[in-house]
Amino acid sequence: DTGVRMRNQYRRSIVNRRGHSFDANLELSKIRQSIDGRYMIPYNHPLNDYIGIVGGYEREEREDVFGNGAGLMLESAVLGADRVIKNPLGSWQHTFGVRYRLDRLTENGIVEYDKYPNNFLVPGSEPQQQSLLVGYTASKVSSNDRVNPTQGFKQTYKVEVGSESLLTDVNLAIVNAGWKALYS
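Keep in mind it's a predicted model, so treat the numbers as computed, not measured.

(A) Layout of the side chain of Ser131. Mapping Ser131 onto the fold places it in strand S7 (residues 128-143). Contact partners of Ser131, with chain neighbours within four places excluded, come to Arg99, Tyr100, Arg101, Leu167 and Thr168.

Following this line, the structure appears as structure tokens:
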């Protein structure tokens, strides 16, 4: 339970005469605070091909959740860039990107090892972890109406890789696939 929370979004569709745009999100609660932003720059086509620069910071405090007064503070910072290529009329959308992420875990008191978040449970893991991930995403939306669909299907496939030789604590590969359907 985060208690009372506030979320706010700021979006500016046109920042300058070259068609740049910006949006930012802010979330505040007693235990969790986060801010992130995205700046989009048109590349070959103002709506279907652009570069996005993203950044964000998140902080979450888990105090006295273990019953002995001990707690954890999790902090994450992300900085990255994407190139998004959209194809009109239901074709595949392609995203190529690079993302740097830094995670930090701080203990307050003695916390049982099995109560740590999953990414810090790996034997020998450090309280500070970093990764530089290079990725590719392909997604496609098919629907009977682009504005107000009553039937549709979305599929997304994503792969990201990181290497110890390039600012990542361990060699890793992340593969995700997702499907969503709408039938009313």
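(B) How the structure looks around the pairing of S7. For strand S6 (residues 93-108) and S7, the ladder comprises 12 bridges, and the chain directions are antiparallel. Across the sheet, Arg101 pairs through a bridge with Ser131, a residue of S7. Where S7 meets strand S8 (residues 151-162), 10 bridges bridge the pair, whose relative direction is antiparallel. Bridge pairing in S8 links Ser142 to Phe153.

(C) Highlighting the sheet that holds strand S4 (residues 49-63). An order of S1-S2-S3-S4-S5-S6-S7-S8-S9 is seen for the 9 strands of this open sheet, with the pairing classed as antiparallel. Where the open sheet ends on each side, the last strands, each with one partner, are strand S1 (5-12) and strand S9 (172-183). Averaged over neighbouring strand pairs, the angle between their axes works out to 15 degrees when direction is ignored. In this sheet, strand S5 (residues 71-85) lies alongside S4 in antiparallel orientation, the contact comprising 15 bridges. Among the inter-strand pairings, Arg62 is bridged to a residue of S5, identified as Leu72.

(D) Local environment of the packing of aromatic side chains. Considering all chains together, one arrives at 4 aromatic pairs under this definition. Relative to Phe22, the ring of Tyr10 lies with its centre 6.4 Å away and its plane at 55 degrees, an arrangement referred to as tilted. Taken together, the residues Tyr10 in strand S1 and Phe22 in strand S2 (residues 21-29) connect sequence positions 12 residues apart. Judged by relative accessible area, Phe22 falls into the partly exposed class, the value being 29%. Centre to centre, the rings of Phe96 and Tyr136 are 5.1 Å apart; their planes meet at 40 degrees, and the pair counts as tilted. Of this pair, Phe96 sits in strand S6 while Tyr136 sits in strand S7, placing them 40 residues apart in sequence. We classify Phe96 as partly exposed; its relative accessible area is 42%. An aromatic cluster is built from Trp92, Tyr157 and Trp179, whose rings are joined through pairwise contacts.

Rules behind the numbers
Residues numbered from 1 in each chain as written. Predicted model: local features only at pLDDT ≥ 70, side-chain atom pairs only at ≥ 80, totals over all residues. Heavy atoms only, no water. Helix = DSSP H or I, 4+ residues; strand = E, 2+ residues; numbered from the N terminus. Contact = heavy atoms within 4.5 Å. Pairing = 2+ DSSP bridges. Axes fitted to C-alpha atoms, helices over the stretch in contact; angles between N-to-C directions. Phe/Tyr/Trp six-rings, centres within 6.5 Å; stacked < 30°, edge-to-face > 60°. Buried < 20%, exposed > 50% of the residue type's maximum accessible area, 1.4 Å probe, protein only.

Nothing here speaks to function; it is geometry throughout.
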